[in-house]
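Next come the chains, spelled out residue by residue.
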Amino acid sequence: EVTDTGEGSYLCRYTAEQAGFYRISITSNGVPIAESPYSLQVKETPALTSVTDLTVESTAPVEDKVSLWEQIAQIEFGADGVDAGWDSEEEEEETSEQRHIREHPDTPVVENYEDLYKLGKLQKMKKELEEKEKQAKLIKMKKQLETEQQAADAAAAGAGAASSDRM
């Protein structure tokens, strides 16, 4: 419940339904106000029978551990200069094995030994595919040679017929 006090401020009230730890963020147009967010602990209280039963305990404020960890994370992220997370490790140079994998993407690489049984099947499928491609190429070359041979035979037959006409 938010109430305008008429003095340029608002009074906010919220009744928690359960006891526990809560974090309250107070913002104005998306910008946190004062030291928001705040952490608080709601304790379960027995039902009041009269106003005289009401007692107020003075307790220390609840330690806001979430804010503490946010500050630690900001310090650590700032040290690395990367907001995406801790990146303290230096970049590793590419190994010869990694370079081979990158340069030969069609070469099967077993990264999970549970899938090792698939390697033989994959190699067999690759060999069958290469054999089909080879056969198709041979058939194409054979047809091309036959066509060239027929053209040469027709040219020779045409030249032979022309020379017998002259005689």
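Rules used in this analysis
All chains use their own residue numbering, which begins from 1 and follows the written sequence. With pLDDT at 70 or above as the cut-off, local features in this predicted model cover only qualifying residues; side-chain atom pairs require 80 or more to be listed or tallied, and sums for whole chains, interfaces and linings still use all residues. Excluding hydrogens and water, the side-chain values take into account all heavy atoms of the structure. Only DSSP runs of H or I covering at least 4 residues are called helices, and only runs of E covering at least 2 are called strands; the numbering of each starts at the N terminus. Working definition: with a 1.4 Å probe on protein chains only, accessible area under 20% of the residue-type maximum means buried, over 50% means exposed, and in between means partly exposed. Contacts between residues were defined by any pair of non-hydrogen atoms, one from each residue, lying within 4.5 Å. With residues, only the protein chains shown are counted as cover, and all accessible areas are computed by Shrake-Rupley using a 1.4 Å probe. Patches here are clusters of residues that have more than 30% relative accessible area and form no salt bridge, with a 9 Å joining cutoff for like charges and a 5 Å cutoff for nonpolar side chains (Val, Leu, Ile, Met, Phe, Trp, Tyr). Just to be clear on terms, a salt bridge is a Lys or Arg side-chain nitrogen sitting within 4 Å of an Asp or Glu carboxyl oxygen. Per-residue confidence from the predictor is reported as pLDDT, a score between 0 and 100.

## Comments concerning the overall build of the protein
Within the protein one finds three helices and six strands. Looking at the protein as a whole, 3% of its 167 residues are labelled buried. Considering only contacts within the protein whose residues lie at least 6 apart along the sequence, 18% involve residues at least 24 apart. Carbon and sulfur atoms provide 54% of the accessible area of the protein, an area that totals close to 15,900 Å².

## What about a nonpolar patch on the surface?
A surface patch of nonpolar side chains, about 300 Å² in accessible area, is lined by I24, I26, I33 and Y38. Assignment of secondary structure puts I33 in the loop between β5 (31–32) and β6 (38–42). Assessed through its relative accessible area of 38%, I33 is described here as partly exposed.

## Remarks on the pattern of salt bridges
Taken as a whole and assessed by the stated rule, the structure comprises one salt bridge. The closest approach of N and O atoms between E94 and R102, which form a salt bridge, is 2.8 Å. Among the residues examined, R102 registers a relative accessible area of 51% and is labelled exposed.

## Overview of the confidence of the model for the protein
Mean pLDDT over the protein stands at 77; residues scoring 70 or higher make up 77%. At the level of individual helices and strands, the protein shows its lowest average pLDDT in helix α1 (residues 65–80), which scores 75, and its highest in helix α2 (residues 96–103), which scores 88.

## Details of unusual backbone geometry
Phi is positive for N29, which is not a glycine, with a value near 55°. With respect to the secondary-structure elements, N29 resides in the loop between β4 (27–28) and β5.

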